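# Structure assessment
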Amino acid sequence: ELPPSEFMQVADSTWLVLSVVSNGREPSGCQATGVTKIARSVIAPLAEHHVSVLMLSTYQTDFILVRERDLPVVIHTLAGEFDIYKEESGECVPVTSDDVSNGFLKPKPAASPTLHPVQSPQTRFCVLTVAPDTLPAIATMLIDVLFYSHSPPREVGASSQDLDSITFFSFSLIEGYISIVMDAETQKRFPSDLLLTSSTGELWRMVRIGGQPLGFDECGIVAQIAEPLAAADISAYYISTFNFDHALVPEEGIAEVIQLLQQRQESGR
């Protein structure tokens, strides 16, 4: 419904959403531990089969976006470990490899993925949710933060390996569930009684992947972060955007995360 505009850039691919649920149950509503739990079983196998993914963590659960044209490869890759269903008219219908075998070609072995630089700003972030019926009470503040309180984008290549701060605000509304990521200073602008967070109220630090816009054709970017964190059993909250990928980890674990990722960089050279 958006009118064509020279100011709006749209990626060529159409994407489908994969939602991983346990034992067929929907998410319970408690805060998810992020990509750690699905890194080995979903993200890594898709990277090995040269499937590019976008990752979107929310307060409630995690979603993996794959290109529609890659669906046959995705089904063949995951069918051995998962029961796969597609949604038709609101109903979940089982999918088998045979259903998508027409035209399926075994993918060529993926080349070694590029290990992108990882930057870690000093900014502290909060992961929050809001009850839908209280959203109107913060709507004006949301509009101000989303559209009027931002700084211009940093020039590509102008940032150092360690950023002092980063402007980042994420708002998602998925099937009625609201998820917000904002820095701790911005949170102070909102009524505290309307923002819901985990009982521990923990703060998160970010690692941003890529020194320049990543594009959509490369695979293994999410795996670059997810695999070493999964091996160390470190929770992560991951958000792919049009230009960069971002992983949030608990603040107390940021030093270990940086060390793990630096070791991976060194071993990949």
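Residues numbered from 1 in each chain as written. Predicted model: local features only at pLDDT ≥ 70, side-chain atom pairs only at ≥ 80, totals over all residues. Heavy atoms only, no water.

### So, the overall build of the protein chain
Helix and strand counts for the protein chain stand at six helices and twelve strands. Counting all 269 residues of the protein chain, 43% fall into the buried class. Of all intrachain contacts in the protein chain linking residues separated by at least 6 positions in sequence, the fraction that spans at least 24 positions is 77%. Split by element, the accessible area of the protein chain, about 15,600 Å² in all, is 51% carbon and sulfur. (Helix = DSSP H or I, 4+ residues; strand = E, 2+ residues; numbered from the N terminus. Buried < 20%, exposed > 50% of the residue type's maximum accessible area, 1.4 Å probe, protein only. Contact = heavy atoms within 4.5 Å. Areas by Shrake-Rupley, 256 points an atom, 1.4 Å probe, with all protein chains shown as cover.)

### Things to note about a nonpolar patch on the surface
Taken together, Ile-143, Leu-146, Phe-147, Tyr-148, Phe-171 and Leu-173 make up a surface patch of nonpolar side chains, about 620 Å² in accessible area. Breaking the nonpolar patch down by element, the ones donating at least two residues are α3 (135-147) and β8 (170-174). Broken down by element, the residue count for the nonpolar patch peaks at three residues, all from α3. Residue position: Tyr-148 is located in the loop between α3 and β8. (Patch = residues over 30% accessible without salt bridge, like charges linked within 9 Å, V, L, I, M, F, W, Y side chains within 5 Å. Salt bridge = Lys/Arg side-chain N within 4 Å of Asp/Glu carboxyl O.)

### Remarks on the pattern of salt bridges
A side chain of one charge can pair with a side chain of the opposite charge if their charged atoms are brought near each other. Counted according to the given criterion, the structure contains five salt bridges. Note that Arg-67 is salt-bridged to Asp-70, the shortest N-O span being 3.2 Å. Relative accessible area serves as the criterion here: at 12%, Asp-70 is assigned to the buried category. In this structure, Glu-185 and Lys-188 form a salt bridge, with 3.0 Å as the shortest nitrogen-oxygen distance.

### Focus on the pairing of strand β10 (residues 204-209)
Burial runs high along β10: six of the six residues are buried. Across the two faces of β10 the burial is the same, with Trp-204, Met-206 and Arg-208 and Arg-205, Val-207 and Ile-209 all buried. Note that strand β6 (residues 118-119) and β10 share two bridges and pair antiparallel. Bridge assignment links Val-118 to a residue of β10, and that residue is Ile-209. In the sheet, β10 pairs with strand β12 (residues 245-250) via six bridges, with the strands oriented antiparallel. The residue bridging Trp-204 from the neighbouring strand is Pro-250, located in β12. (Pairing = 2+ DSSP bridges.)

### A short note on the confidence of the model for the protein chain
For the protein chain, per-residue confidence averages 80 on the pLDDT scale, and 78% of positions sit at 70 or higher. In this model residues 27-32 is a low-confidence stretch, pLDDT under 50, and it forms 14 contacts with partners more than four residues away in sequence or in other chains. (pLDDT = per-residue confidence, 0-100.)

### Topic: the side chain of Gln-60
Checked against the element boundaries, Gln-60 lands in the loop between β2 (53-57) and β3 (62-67). Looking at Gln-60, its side chain comes within polar contact range of the side chain of Thr-129, at 3.3 Å. (Polar contact = N/O pair within 3.5 Å; in protein donor to acceptor, adjacent residues only side chain to side chain.)

### Looking at the packing of aromatic side chains
One pass over the structure, following the stated rule, counts two aromatic pairs. Ring centres 6.0 Å apart and planes at 85° place the aromatic pair Phe-125 and Phe-168 in the edge-to-face group. On the criterion of sequence distance, the pair formed by Phe-125 in strand β7 (residues 125-128) and Phe-168 in the loop between α3 and β8 is long-range, its members being 43 residues apart. (Phe/Tyr/Trp six-rings, centres within 6.5 Å; stacked < 30°, edge-to-face > 60°.)

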